Amino acid sequence: MVQFEHCMLFHKGLEKYAMTKLFNRTFASSSEDVKSDQEISEKIHLLQHFVRPEHLDIPVIFQNEASWLIAVKELQKINSSRAPREKLLCILNCCRVINNLLLNVSMSTDHIPAGADDFLPVLIYVTIKANPPQLHSNLKFIQLFRRQSKLISEAAYYLTNLISAESFIMALDANSLSIGENEFHESMQAARLAEAARIGSSTTSTSSTGHVPTMRRCNEDIDTRGRKYPYMEAEAEDLTLEDVPKLLSAYKDVVTKYSMLRKAVRGLSLNEETLPSILREDLANCVLQQLEMTELEGSNSAQHGTGR
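Let me begin by describing the structure that accompanies this report. Quick caveat, the model's predicted, so the values are computed rather than measured.

1. Details of the pattern of salt bridges
- Here the structure, examined in full by the defined rule, presents five salt bridges.
- Two residues, E15 and R146, come together in a salt bridge whose shortest N-O distance is 2.9 Å. Pair noted here: E15 is in helix α1 (residues 2-21) and R146 is in the loop between α7 (135-145) and α8 (153-171), with a separation of 131 residues, a long-range link. Side by side, E15 and R146 carry an identical accessibility label, which is buried.

2. Side note on the packing of helix α3 (residues 31-47) against α7
- Contact pair α3 / α7: the axes reach a minimum separation of 7 Å and the direction vectors enclose 130°. When the axes of α3 and α7 are compared, the pair comes out oblique. Note on element contacts: α7 touches α3 through L135, H136, S137 and K140, opposite D33, S36, D37 and I40.
- Classifying every residue of the contact of α3 with α7 gives two nonpolar, three polar and three charged.

3. Concerning the packing of helix α5 (residues 84-109) against helix α6 (residues 116-130)
- Contact geometry of α5 with α6 gives a least axis separation of 10 Å together with a crossing angle of 130°. The angle between α5 and α6 places the two elements in the oblique class. Remark: the crossing between α5 and α6 carries right-handed chirality. Residues C94, C95, I98, N99 and L102 of α5 touch α6, and the partners they reach there are D118, F119, V122, L123 and V126.

4. Details of the side chain of N131
- With respect to the element layout, N131 can be found in the loop between α6 and α7.
- A polar contact of 3.4 Å, which involves the side chain of N131, links it to the backbone oxygen of S41.

5. Some thoughts on the packing of aromatic side chains
- As enumerated under the stated definition, the model contains nine aromatic pairs in all.
- Seen in terms of ring centroids, F23 and F27 are 4.7 Å apart; in terms of plane orientation they differ by 15°. Their pairing is stacked.
- The exposure class assigned to F23 is buried, which follows from its relative accessible area of 11%.
- Between F141 and F145 the ring centres are 5.2 Å apart and the planes differ by 55°, which places this aromatic pair in the tilted class. Separated by four residues within a single helix, F141 and F145 lie in helix α7, roughly one turn from each other.
- Members of the aromatic cluster, joined through ring pairs, are F23, F27, F141 and F145.

6. Things to note about helix α4 (residues 65-76)
- A rise of 1.5 Å per residue sets the reference length of α4, with its 12 residues, at 16 Å; its end C-alpha atoms lie 16 Å apart and thus fit the reference within 8%.
- Among the residues of α4, S67, W68, A71, V72, E74 and L75 are the ones counted as buried. Burial along α4 is one-sided: seen end-on, the buried residues are contained in an arc of 165°.
- As for α4, its buried residues are in contact with α5, α6 and α8.
- You can read the cap of α4 off the contacts: a side-chain oxygen lies 3.2 Å from the backbone nitrogen of A66, and it is on N64.

7. What to know about unusual backbone geometry
- Here Q134, not a glycine, exhibits a phi torsion of approximately 50°, which is positive.
- Position of Q134 among the secondary structure elements: in the loop between α6 and α7.
- Note on Q134: relative accessible area 33%, which makes it partly exposed.
- Although it is not a glycine, S153 adopts a positive phi angle of roughly 55°.
- Note on placement: S153 falls in helix α8.

8. Quick word on the nonpolar core
- Residues I91 and I98 are the most contacted members of the largest nonpolar core, which totals 49 residues.
- Counting only elements with at least two residues in this core, the list comes to α3, α4, α5, α6, α7, α8 and α9 (181-204).
- With 10 residues, the top contributor of residues to this core is α5.
- F23, F27, A28 and F141 belong to the second largest nonpolar core, which has five residues in total.

Each value, and the rule that gives it
- Residues numbered from 1 in each chain as written.
- Predicted model: local features only at pLDDT ≥ 70, side-chain atom pairs only at ≥ 80, totals over all residues.
- Heavy atoms only, no water.
- Salt bridge = Lys/Arg side-chain N within 4 Å of Asp/Glu carboxyl O.
- Helix = DSSP H or I, 4+ residues; strand = E, 2+ residues; numbered from the N terminus.
- Buried < 20%, exposed > 50% of the residue type's maximum accessible area, 1.4 Å probe, protein only.
- Axes fitted to C-alpha atoms, helices over the stretch in contact; angles between N-to-C directions.
- Parallel < 35°, antiparallel > 145°, perpendicular 65-115°, else oblique.
- Contact = heavy atoms within 4.5 Å.
- Nonpolar A, V, L, I, M, F, W, Y, C, P; charged D, E, K, R; others polar.
- Left-handed = near helix turned anticlockwise from the far one by under 90°.
- Polar contact = N/O pair within 3.5 Å; in protein donor to acceptor, adjacent residues only side chain to side chain.
- Phe/Tyr/Trp six-rings, centres within 6.5 Å; stacked < 30°, edge-to-face > 60°.
- Expected span 1.5 Å × (residues − 1).
- Arc of directions from axis to C-beta.
- Core = buried A, V, L, I, M, F, W, Y, C linked by side-chain atoms within 4.5 Å.

Structure follows, in structure tokens:
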């Protein structure tokens, strides 16, 4: 028995040592894997804006945000290790939290014992909430390099379910959810716009010094000058020929970005009444933030033009 335990420890240590050394050559080693990771991550980012438990037909009695948060945190740890066993352990911990929740609720409410029909929708929702990094590559890495004799029983069941969750999310459309087709497409359009606004505001907030100022700090800097735009109080005779190219460039930049964003918003045939209130708020905040950052960028560009 002691010899057997030593042998098991040796195999465990050997697997971890070998795969840690070979990690950069074996993990996400193909362009197809990288592409799959990016596609599912982007898809989940969009779904996070509007997918709710009821869209996956998760019964109210199984909806427990506190337990789901623990499961989310466990799944998000999957990239913290380079060993296939430890990556698999993150999946096991996540799924055990979900399974324990379902069993406890079933026992306390005399509900029919939870099975795969209850487990998989919750796992899908938790995966969407977590958006674990490089999900596809992590699953493939475990399948290829975790010792096959260990991919049995509970480990195999949970790994298979997460693979199924990945496939479900990648193929997810209006027919996959308890949601109207029009509402689904409108929600996806609004989510794309919100993501574009978020990325745009993040990009435009980067200053020439390389740091990212907060909106509060930018507003404070503008307030100390007593005006929103540096040329608002200027007279024609105050301007010089040197100001014209910089002022024109800043003006064109602001107008172009504002016009493009305004056109994109108007071009979306969104029915506000069918959108979830939380998505409407998220979309509105992102658009307003992008407009504010666009105006701020133009203001900062114009300020550079006044420095003499």
